[in-house]
2 protein chains.
Amino acid sequence: MADSVTTLTGAEALVSTLADHGVTACFANPGTSEMHLVTALDHEPRIRSVLCLFEGVATGAADGHARVTGQPAMTLLHLGAGYLNGGANIHNAKRAWTPMINVIGDHAVPHLRYDAPLTSNIRGLAGPNSVWLKSADRVADAGELAAEAWEASFGPVPGPVSLLLPADTAWTEGGKPGKARKRPALWAPDPNRIAAAAKAVRNAMKPVILINGTALKPAGLAQAARLKASGIRVLTDTFFPRMARGAGLFAPERMQYFAEGAMADLEGTDLMLVAGTQVPVAFFSYPGRPSVLVPESCTPMIIGGPESDSAAILAALADALGAKTSADGAPLDTPGAPSGALNAATIGASIARHLPEGSFVSDDGVSNGLPSFMMTGRARPHDWMMLTGGAIGQGMPLALGAALAAPDRKTLCLTGDGAGMYTNQALWSMAREQANVVTVVFVNHSYRILNIELARTGAGNPGRVAEDLLGLGRPEIDWVKLSEAQGVPAVNAATAEEFDAALERAFREPGPHLIAAHVPAR
Amino acid sequence: MADSVTTLTGAEALVSTLADHGVTACFANPGTSEMHLVTALDHEPRIRSVLCLFEGVATGAADGHARVTGQPAMTLLHLGAGYLNGGANIHNAKRAWTPMINVIGDHAVPHLRYDAPLTSNIRGLAGPNSVWLKSADRVADAGELAAEAWEASFGPVPGPVSLLLPADTAWTEGGKPGKARKRPALWAPDPNRIAAAAKAVRNAMKPVILINGTALKPAGLAQAARLKASGIRVLTDTFFPRMARGAGLFAPERMQYFAEGAMADLEGTDLMLVAGTQVPVAFFSYPGRPSVLVPESCTPMIIGGPESDSAAILAALADALGAKTSADGAPLDTPGAPSGALNAATIGASIARHLPEGSFVSDDGVSNGLPSFMMTGRARPHDWMMLTGGAIGQGMPLALGAALAAPDRKTLCLTGDGAGMYTNQALWSMAREQANVVTVVFVNHSYRILNIELARTGAGNPGRVAEDLLGLGRPEIDWVKLSEAQGVPAVNAATAEEFDAALERAFREPGPHLIAAHVPAR
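It should be emphasised that the depicted structure is a prediction, and the values quoted were computed from it without experimental measurement. (Residues numbered from 1 in each chain as written. Chains lettered and ligands numbered in written order. Predicted model: local features only at pLDDT ≥ 70, side-chain atom pairs only at ≥ 80, totals over all residues.)

S.K.: Tell me what's going on with the sheet that holds strand 4 (residues 73–78) of chain B, and back it up with residues and numbers.
M.R.: Residue and element names in this part refer to chain B. The six strands are arranged 3-2-4-5-7-6 in an open sheet whose pairing can be described as parallel. The open sheet has two edge strands with one neighbour each: strand 3 (48–51) and strand 6 (132–135). Mean inter-strand twist for the sheet, computed between neighbouring axes without regard to direction, equals 20°. With four bridges joining them, strand 2 (residues 25–28) and strand 3 adopt parallel strand pairing. Each residue of the ladder has a partner; that of cysteine 26, found in strand 3, is serine 49. Packing of helix 1 (residues 10–20) onto the sheet brings it into contact with strand 4, strand 5 (100–106) and strand 7 (160–166), and relative to strand 7 it is tilted by some 155°. Seen against the sheet, helix 3 (residues 55–69) touches strand 2, strand 3, strand 4 and strand 5 and runs at an angle of roughly 170° to strand 4. (Pairing = 2+ DSSP bridges. Helix = DSSP H or I, 4+ residues; strand = E, 2+ residues; numbered from the N terminus. Axes fitted to C-alpha atoms, helices over the stretch in contact; angles between N-to-C directions. Contact = placed C-beta atoms within 7 Å.)

S.K.: Could you give me a rundown of the interface of chain B and chain A, with the residues and numbers involved?
M.R.: Counting residues at the interface gives 82 residues for chain B, matched by 83 residues for chain A. Within the side of chain B that touches chain A, the residues separate by chemical class into 43 nonpolar, 29 polar and 10 charged. (Nonpolar A, V, L, I, M, F, W, Y, C, P; charged D, E, K, R; others polar.)

S.K.: Just give me the short version of the relation of the copies chain B and chain A, but keep the residues and values in it.
M.R.: Once chain B has been moved 0.0 Å along the axis and rotated by 180°, it coincides with chain A to within an RMSD of 0.0 Å. These values place the two chain copies in the arrangement generated by a two-fold rotation axis. Of the interface residues in chain B, 100% have counterparts in chain A that sit at the interface too, so the contact is made through matching surfaces. (Least-squares fit on C-alpha atoms with pLDDT ≥ 70 in both.)

S.K.: Account for the packing of helix 15 (residues 395–405) of chain A against helix 17 (residues 426–433) of chain A, naming residues and giving values.
M.R.: Relative placement of two packed helices is described by the angle separating their axes and the distance separating the axes. All names here are of chain A. Remark: helix 15 packs on helix 17, axes separated minimally by 9 Å, with the N-to-C direction vectors making an angle of 20°. In terms of orientation, helix 15 and helix 17 fall into the roughly parallel class. Remark: the crossing between helix 15 and helix 17 carries left-handed chirality. Side by side, helix 15 and helix 17 meet where Met396, Pro397, Leu400 and Leu404 of the first sit next to Ala426, Leu427, Ser429, Met430 and Glu433 of the second. Here the contact of helix 15 with helix 17 is built from residues that sort into seven nonpolar, one polar and one charged. (Parallel < 35°, antiparallel > 145°, perpendicular 65-115°, else oblique. Left-handed = near helix turned anticlockwise from the far one by under 90°.)

S.K.: Can you explain the packing of helix 13 (residues 344–354) of chain A against helix 21 (residues 496–508) of chain A? Please cite residues and give values.
M.R.: Residues and elements named next belong to chain A. Between helix 13 and helix 21, the shortest axis-to-axis distance is 10 Å and the interhelical angle comes to 30°. When the interaxial angle is binned, helix 13 and helix 21 end up roughly parallel. Note on packing geometry: the crossing formed by helix 13 with helix 21 is right-handed. In contact with Thr346, Ile347, Ser350, Ile351 and His354 of helix 13, helix 21 contributes Ala496, Phe499, Asp500, Leu503, Glu504 and Phe507. Tallied by class, residues from the contact of helix 13 with helix 21 come to six nonpolar, three polar and two charged.

S.K.: Explain the domain arrangement of chain A to me, using residue names and the numbers behind them.
M.R.: For interface size, the figure often reported is the accessible area lost on association. Residues and elements named next belong to chain A. Considered domain by domain, chain A is made up of domain 1 (4–175), domain 2 (191–320) and domain 3 (344–518). Computed from C-alpha coordinates alone, the two centres of domain 2 and domain 3 are separated by 29 Å. Taken residue by residue, the interface counts 15 residues in domain 2 and 17 residues in domain 3. For the side of domain 2 that touches domain 3, the class distribution of residues is 11 nonpolar, two polar and two charged. (Domains from an automatic or database assignment.)

S.K.: Before we move on, could you go through the environment of Val480(A) and cite the residues and values that matter?
M.R.: Along the chain, Val480(A) turns up in helix 20 (residues 479–484). Those residues in contact with Val480(A) that lie beyond four places of it in its chain are Ala490(A), Val491(A), Asn492(A) and Ala516(A).

S.K.: How would you sum up the pairing of strand 20 (residues 513–518) of chain B? Please name residues and give values.
M.R.: As a general feature of sheets, a regular strand has side chains that alternate between the two faces. All names here are of chain B. Within strand 20, six of the six residues are buried, leaving the element largely enclosed by the surrounding structure. Burial along strand 20 is two-sided: the residues His513, Ile515 and Ala517 and Leu514, Ala516 and His518 are all buried. Note: strand 18 (residues 437–443) against strand 20, six bridges, orientation parallel. Bridge pairing in strand 20 links valine 443 to histidine 518. (Buried ≥ 20, exposed ≤ 12 C-beta atoms within 10 Å, placed from the backbone.)

S.K.: Please give an account of unusual backbone geometry that cites residues and values.
M.R.: Of note, the amide linkage connecting Arg474(A) to Pro475(A) takes the cis form, showing an omega dihedral of -10°. When you line up the elements, Pro475(A) lands in the loop between helix 19 (464–470) and helix 20. In the Ramachandran plot, Gln434(B) falls in the positive-phi region, its phi being about 50° despite a non-glycine side chain. Here Gln434(B) shows up in the loop between helix 17 (426–433) and strand 18. Residue classification places Gln434(B) among the partly exposed residues on the basis of 14 C-beta atoms within 10 Å. With phi around 55°, His445(B) is a residue other than glycine that occupies positive phi space.

Next comes the structure, spelled out in C-alpha cells:
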C-alpha cells in the first residue's frame, strides 16, 4: 500500500531534495549518528561525496566549491563537536557571503535529554555563524527543511545555513521531497539611491567607489571601467571572495591592509560610494589608530550592501553619469623567467608566467601573497579568491573545493606555512580525489605577519618566549614529507630557477602537487 | 606618582594573577589581538608558554596538563575563530570535568561595533561549553576576573571557563593583581544519602556502584575494594578522565560501550549506586535500543555527582556498611614477549611488558585501545586517561600536556589513524618541547568503529560511496613521514616482534617517538 514517496528515510528525503535543487557535492566527515546520511549519499549519484579527514577541510572545501559554481555545497558534520571543528571556515564563508548548507547530525530526539557524552547545545554553537538554522525533528519535515535551507543560503545576504538532522529522523521512513524553490536573486539597484549617488559624484572633487560581489565579475569590471573613465577612483575591499583578473580586464585598486596606509591613500577623498560590500573597517585595532577607514571629511554612501547585485549598480550609476564604454583593460603582459634568490617577488613572477588561462587562485598567503597578486594583473585571465574572514587555514581546503568544482581547470593555492599547518589534512583529500591543485607553501618558519604586528601594536621587542610563540622553527617542518605522507607529490624550491621549473612542471602534470618555497623570514 | 601596581597592563595583570594562583602552563596560538598577552607571557617566568600550531592541540594539551597536575592550565586563543578551532577538545574537557582557563583575545571594545572581518559573537560561541564566561572590558577588572576564572574552573562541577580579553584592556596600563582565592573543594559526602545508600545495599540482592572522579585514585580504589569485599559490584564509566591502575591496585570493572552488552551485563541488578558521575547513558541511540543503561527493575541512586569527592563517599559508605579493609590488589603480572601477527592483542601484550612505572596513558585508541587496557591491569602502576567526550582528536594533544606536566615520567599515547589525523600538529609541539611521549598509531586505514556502527544502526551494507566515506585508504597515510616531517622520530611496525622492540626502544630513549602499528582493518 505504501507508495514510493513514503519509503524515503528522512536522510534520503534531505539528500535527494538538495540534489533536486542542484547541490552536486558533499564534503563529509561522518560519525555514528550520520550513518543513514552516509547510506543516503551512497544512493544519490547526483552528489559527489568527498571524505575530509577534518571538518575544517570539509567546510573550507564547500566554500571553494560554491565560489566556483555559485551553488551551495553540502557538508556533513558530526554533532556539535564536528560543527566546532568546521567552525573557523564557516566563519570565513560567512565573511565571504558564500552560500553553504551545513548538515549537522544530532542524537535521536528522545536520546537528547539524557546528556550523552557527545551531546551539546548545537543550536547555541552554530547560531552565531548561521544565517538560518533549523532542526528536522520530524521525519515529515526533512525534505521541506532541506529545500528551505537551500533557499535560505542565498540570503538576502548569502551565507552558511545549519540544518540539524537527528538520527531518528534520519533513520525513520516517511520522508517526502521538499517543494521546489526558486533561487532568490540578489537585490536590484534602487533608482533613488543611484540618482543620489550620481548627484553626489557630480558634486565631489575626489570620489571613490568601493566594490565587491558581482562587480568583480568580468561584466561588473567593464562597468567599473566606465566609472573610472568618468573620474571615479575604483577600489575593492582588501580581501574579496572572488575577482576576475588578467589580460583584457579592468583592474580596480585594492584597499590597503594597514589602517595608516589606507588612510594616507584616501587622503583628500570627499566621497566614498559603497556597492556590494560594507563600509571599510580596519582588520584590527591599534592604540591610537582609527577603526573606520573613511577620511573624516568624507561621508560614506552605501548604494547597496552584500545583498545587492553590485554589477547592476555600477551599470546603473554609469548610465546615470552618462559614462562612455571604456577601452578594454591592459593586454597580456607576463614577466621573463626570474633568477637568483627565491622570494615573494620572484615567486610572483613565475606565477605570472605560468598561471594557465581560466585558473582559480586560493590565496591564504598572508604576508607573502601580495607580490603574486600584484604581478598577475596582466597574466592570462583567471579568478583570484581570498581569505575574507581572517581565520587562517582556509587556503588548501578552499583550493580542494574549487578544483573539484572545475576539474578541467587548474587551481593554484598560495599558503603560508603557519596557515597551511592548520588544515594540512586537505592534502589527503586532494590526493584521493586527484584534484588539480598546485599548492605553493611559503616556508619561512615563522608567523611572519605576527612579527610585524608585535611591533605595530607597541607590544615591545620580543623576548625569547615571544619569539618562540611567533616562530615555527625548532623544529623546521619538512613540507615535502608532510605532503608525500598524504599522497601529494612535492618538491623543495630554494632558488627562483628551481621554483620556476617546479611550477611549470606542476601545472603541466595532472593531479595535486605541492611546492615548498623557501622564502626569507624577514 | 604612579606606584608599581599601576604599571601593569591588563594582559600583565591577567597573566600574573593566574601565575599567583598556581597556573604553570599556557598552550597558545596567538594572533594580532593577543600581542600584549604574548609580551606579558614573555615577562612571566612562572608560566611555561607552549606554541601549538592549531588551537585544538592547545586545548587538548591544557586538558592533559590539568589531569596530571590537578590545576587548570591556561590557553591563549585568537578571537572567536581560535575558540572554534579549540572547541572540540574544550567539549571533551567539559565532559572530563577538567578545570581549564581559556583566555580568548578579542578586538578592542570600541572596535567591536564596526564588525571587522574577525569579529564574531564569542559569548555565543563559547557559552555552551563554558562553566563560566566573562569579558574583561575594563583594565581595572582584568586581574580580578583572572582570579575569578581560576576559582570558577573548579566548579561546583569543574570544567572549562572562558575569559575574554579585549585588545585595549590588554594594552592599557592600570591593571591590578586579582585578590587571592582559595581553591574550592569537591563536595563532602552527604550523611543522609550515605545512610540511605547503606540501607538500600542491605536490602538489595545484586547491588552495583558506578564510580568515577577521585574514587579512581589509589586511595579511592582502596575504598572501592572494601565495597567489593562486602558484596557490591564496582563498575566505572566506560570512559573516565583518569584512573590509577596496575599491580597492587584494586581494578573495578568498566561499563560496556555498546548498550545491548551493557544491559545484558547488568541483568538482574536491583540497585545502582552512583558516586562521582552521572547515571549511565548509551553513547549513541540506535533504533529500538535503550538510552539509559539501567535495568528496568533497578532505580539508580545518586550518592554524589561529579561535583562530589567520590573517594570520601566510598569511604563513608564502606564505614556505614562495616566493610573490612580489603586485601591488596593483584600482584605484578606481565605477559611474555608476543610474536607473530601484529594486532590489538599483541600490542597490548607489549605495552603491558614495557609500560614504565608511573607512566601516563592517553587513550584515544577507539576500537583498538580496549585490549591494551585489559592487558595492563596488573602491569607496573600507571595512570590511564581516556577520551570522555567522544570528539576524536584528543589523544596526542592530551599526551603532550600530560608529558609537559610530568617531565620525569613517560606518557604513552594510543590513537587511531582517523583520530590521529585530526590534530596531527601535536607532533610538532612534542618535538619542540622534547616531550617524553611515545605515540602508538593504530594504522588500519579505516574509521573501523564506523564500519561496525554502519551495521549496528541498520543503515545497510556499504556501497562504494559509503565505503569511501568510512575508509582511510586510497591513499594510505605514511605515518612515519608525517611524524618525521614534524620532527618526531618514527618507525613502522608490522609484526609483534617489530612492535615489541620498537616500543622498548622508544620508552628507553628521551624525547618523543612515534610507532605506526599496522593492524588489521577488520
